[in-house]
Each structure stands twice: as structure tokens, then as C-alpha cells.
Amino acid sequence: MNKSRIGILTGGGDCAGLNPAIKWAVKTALDRRLTQECGTEFEVIGIRNGWQGLITVDPSKMENGKYTVTLNEAMVRTWDRLGGTYLGSSRTNPYNPENDCSRLVMDNIAKLGLEALICIGGEDTLGVAYKLGQAGVNVVGIPKTIDKDLSGTEYTLGFETALNVITNAVDSLRTTAGSHERIFVIETMGRHAGWLALEGGESSGAFIILIPECDFSMNKVNDLVLEGRSLGARYDIILVAEGAKPVGGTEILKDEAPDSFGHKYLGGIGEYVARGIRKGTGLETRSLTLGHLQRGGDPCAYDRRMGRYFGIAAVDLVVARDYGKMVSMKNGEITTVPIKEALKPSLVNIKTQYDTERYSGRRAILRVRRKIRGQC
Ligand code: F6P
């Protein structure tokens, strides 16, 4: 009987859906029927802390190693119900220009005897997977990020659970906003994509939604707020993506220092908008930032199912030796896309998916909207 060892890792920002994907990759690879079908006995090795694990591992101590764990069905039995990632994650970049460890990673992959590596991640993790694939490593990707900014797929693990966090938070805020007749500005994550703010705002019924793809005018925000008040609104909910910025302005950062993939730490646009509303309308306005709450919590039903489907499909690609691909969802079907394609950023199309006149979700879905000159 042939034997084949598959590595699996989770990299970048964690989120709900990772553990379900790991569980179902393990269950699929260790399925006795698969072994009989392809005459190969698979073994799944979990790599801890993303790419950091493959830099720091001592391949000679694989068993109960600090950075590797042999996974079996009994271990992963309950993982589909749990948030985060049991394997741990990191933002370590083996191709960091200041400290390139990519050769060490490839050597360790070989020394661990990994026939293939399933990489669960977003643009950063899969960008590393793509480069390793180009250098000859057998890689398969699973799309994961609450930002939903990967191309070639309608879904990335974690997005729906994050939407539920946003929606529940807005529902809770409505009572205090109403009690005090206040405006609440809620800053969401999403980095340079507006999907979380847009779809979180649509699901929670936010009055205004500001996204990175459409720079906003503070005067127009204030006009919309005052118009709402004149029509009887007692309070308002406004969602602002962390990467949104005013016309002619720049993104607001919490920290200039870039991480190992060059990302700067966004944060503060929510209070910027709240201050602008207080100043421009005189209305009581408060802001809050949901931050990492959007990455937390146990997976919703959709993330459990998508983690299952993506985990199974990733092993299907390994069995077929169809490497260099990311499993994806298109037109509701599970399919694949070359990892290189997936790395192109997927952003909100403000002409078809956003109302640039009222800074909110689209108000025409099955009819062509007349042209409106917007700020964007
Ligand atoms: O990419 C996912 C994400 O949550 C972004 O929305 C956010 O800007 C970033 O990660 C936060 O990174 P960290 O977890 O390193 O603070």
C-alpha cells in the first residue's frame, strides 16, 4: 500500500470556519473508502502557527513536535463547532525581504516528507503558497478571510460569521441609540475591501454605509443625517469600513509600522466620521470599533458547511494531484481557480453593488439605475 503525507496549515488573520475545514480535510483523507479507491494510505500532519511552523519545526522531532501534530478523526471530531484555529496561525512571511526563509521552508517540507500542503488563508498566506508552488512545492489553497477580498470565489471562510457579529452588534446598539436619540458610527474590519461594511450594513439596516471603494464627503454624510432627522428619524446607525476615507483624504492608521506582508494597521475612521457629524450637525454622536470581535466566535451554520465543502474539495485536488489551485465557490458550485488568479483583490463594484448617491446598499437590483453623478 502506498503512503502519502499531507500537510495542512492556517495562516494570516484567524476566523470562524478554519476548524471545520481542517476537520473535513482530515476525515476525507483518512476515509477508508478513499484508501481502497486510490490504493494509498494518507496521513495528515497539522502545521502549527502557519508559515512560522514550517520555519521553526525540527523535522527530526515530528512526533509530538511543537510545530507538527499528526491529526486523526478522533482528535478533530468536535472541531467543526469551534471558532478560531486549533493549529494556531501567524502573520509570518517566509519571503520577508528582510529575512527570507523560503529555502528553509522548502527544505523542511521535504524533510517532513510532505507530498502536498493544504494552505488555508487569504491573500498573504496564499501568496506565499503560490510562490512555493512556483518553486515546485505541491500546494492547494482554501480561501479564508473575513474581508472576502479574494478573486475567483464568491466565498471566503469567516465572512458570514463576521456578518452575524456585525448584525447582532447593531441590533444591540439600536436600543441605546434610541434611548438617547443619538447617531452611532460603527467601524468594521475589511482592510481595503468594503464587503463587511456593505453587507453588514445591508443585513443590519444601517442608514449610511461608507466603504473604501467610494471616498466620501463629510458634508454629504451630514446632509443625509439631517435629512433623516427632518423626516422623523430619532437615531441613526452608520457603518464605516476601516479602509474608508474622505474625498482627498488618506486612510487613518492606528500604527504606521507595516507587518511582514507590508500591511499597515488601519483604525480610527469611525471616530473621524463621528467627530465630523458632531461638528457638522450638532447631534449627539458616538463611535465604536468592532475590531477582532468580527474574527471571533464559533462558526455559523454557513461557515461550518463551507469549511466542510472546501476541506473535502482540497483533498480531492490532492488525490488528483491537481496542484497550484485554490478551491472556490462560483455560481453556488464548489470548483477551483488557479491560486495566482485568486490573489487579485476582489472589491465592491460601486456602479452595480453600491448607492453612491446615498452612501448605502444598492436600491436597484433587477433594473438599470439611471446615471447619477456621485462623488466616486
Ligand atoms: O485580513 C483580516 C483582518 O481581520 C482585516 O480585516 C484587519 O484589518 C486585519 O486582519 C487585522 O490584522 P491583525 O489581526 O493582525 O490585527
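On a predicted model such as this, the values are computed, not experimentally measured, just so you know. (Residues numbered from 1 in each chain as written. Predicted model: local features only at pLDDT ≥ 70, side-chain atom pairs only at ≥ 80, totals over all residues. Heavy atoms only, no water.)

**Description of the overall build of the protein chain**
- Helix and strand counts for the protein chain come out as twelve helices and 15 strands.
- Here the C-alpha radius of gyration of the protein chain, 22 Å, is about what a compact globule of 376 residues would show, namely 21 Å.
- Along the three orthogonal principal directions, the C-alpha set of the protein chain runs to about 75 × 45 × 40 Å.
- Going through the 376 residues of the protein chain one by one, you find that 54% of them count as buried.
- Here the analysis covers contacts within the protein chain between residues at least 6 apart in sequence; of these, 74% occur between residues at least 24 apart.
- Taken as a whole, the protein chain presents about 16,800 Å² of accessible surface, with 48% of it coming from carbon and sulfur.
- Placing the 48 positive and 44 negative side-chain charges of the protein chain at their respective mean positions leaves the two points 2 Å apart. (Helix = DSSP H or I, 4+ residues; strand = E, 2+ residues; numbered from the N terminus. Rg over C-alpha atoms; globule rule 2.2 N^0.38 Å. Buried < 20%, exposed > 50% of the residue type's maximum accessible area, 1.4 Å probe, protein only. Contact = heavy atoms within 4.5 Å. Areas by Shrake-Rupley, 256 points an atom, 1.4 Å probe, with all protein chains shown as cover. Lys, Arg positive; Asp, Glu negative; His and termini not counted. Charge placed at Lys NZ, Arg CZ, Asp CG, Glu CD.)

**Some words on the pairing of strand 6 (residues 183–188)**
- Of all six residues that make up strand 6, six are buried, and the element is covered over most of its length.
- Relative to strand 11 (residues 285–289), strand 6 runs parallel, the two sharing five bridges. Looking across to strand 11, one finds that Ile183 is bridged to Thr285. (Pairing = 2+ DSSP bridges.)

**Digging into the pairing of strand 5 (residues 139–143)**
- Burial analysis of strand 5 places five of its five residues in the buried class, the great majority of the element.
- Of the two faces of strand 5, the one lined by Val139, Gly141 and Pro143 and the one lined by Val140 and Ile142 are each fully buried.
- Inspection of the sheet shows strand 4 (residues 116–121) paired to strand 5 by five bridges, in the parallel sense. Within strand 5, the residue paired with Ile118 across the bridge is Val140.

**Thoughts on the domain arrangement of the protein chain**
- Its domain assignment divides the protein chain into domain 1 (2–157 + 299–342) and domain 2 (161–295).
- Each of domain 1 and domain 2 was reduced to a C-alpha centroid, and the two centroids are 34 Å apart.
- Across the boundary between the two partners, domain 1 contributes 19 residues, which contact 16 residues of domain 2.
- Of all residues in domain 1, Arg91, Ile146 and Asp147 give up the largest surface area on contact with domain 2, accounting jointly for 39% of the area buried on that side.
- Linking Glu199 and Lys148 is a salt bridge whose minimum nitrogen-to-oxygen distance equals 2.5 Å.
- For the interface between domain 1 and domain 2, the tally reads seven residue pairs in polar contact (both at pLDDT 80 or more).
- When residues in the side of domain 1 that touches domain 2 are grouped by element, the largest group, three residues, is from helix 6 (residues 123–134).
- In terms of residue class, the side of domain 1 that touches domain 2 is built from seven nonpolar, four polar and eight charged. (Domains from an automatic or database assignment. Buried area = accessible area lost by both parts, 1.4 Å probe. Salt bridge = Lys/Arg side-chain N within 4 Å of Asp/Glu carboxyl O. Polar contact = N/O pair within 3.5 Å; in protein donor to acceptor, adjacent residues only side chain to side chain. Nonpolar A, V, L, I, M, F, W, Y, C, P; charged D, E, K, R; others polar.)

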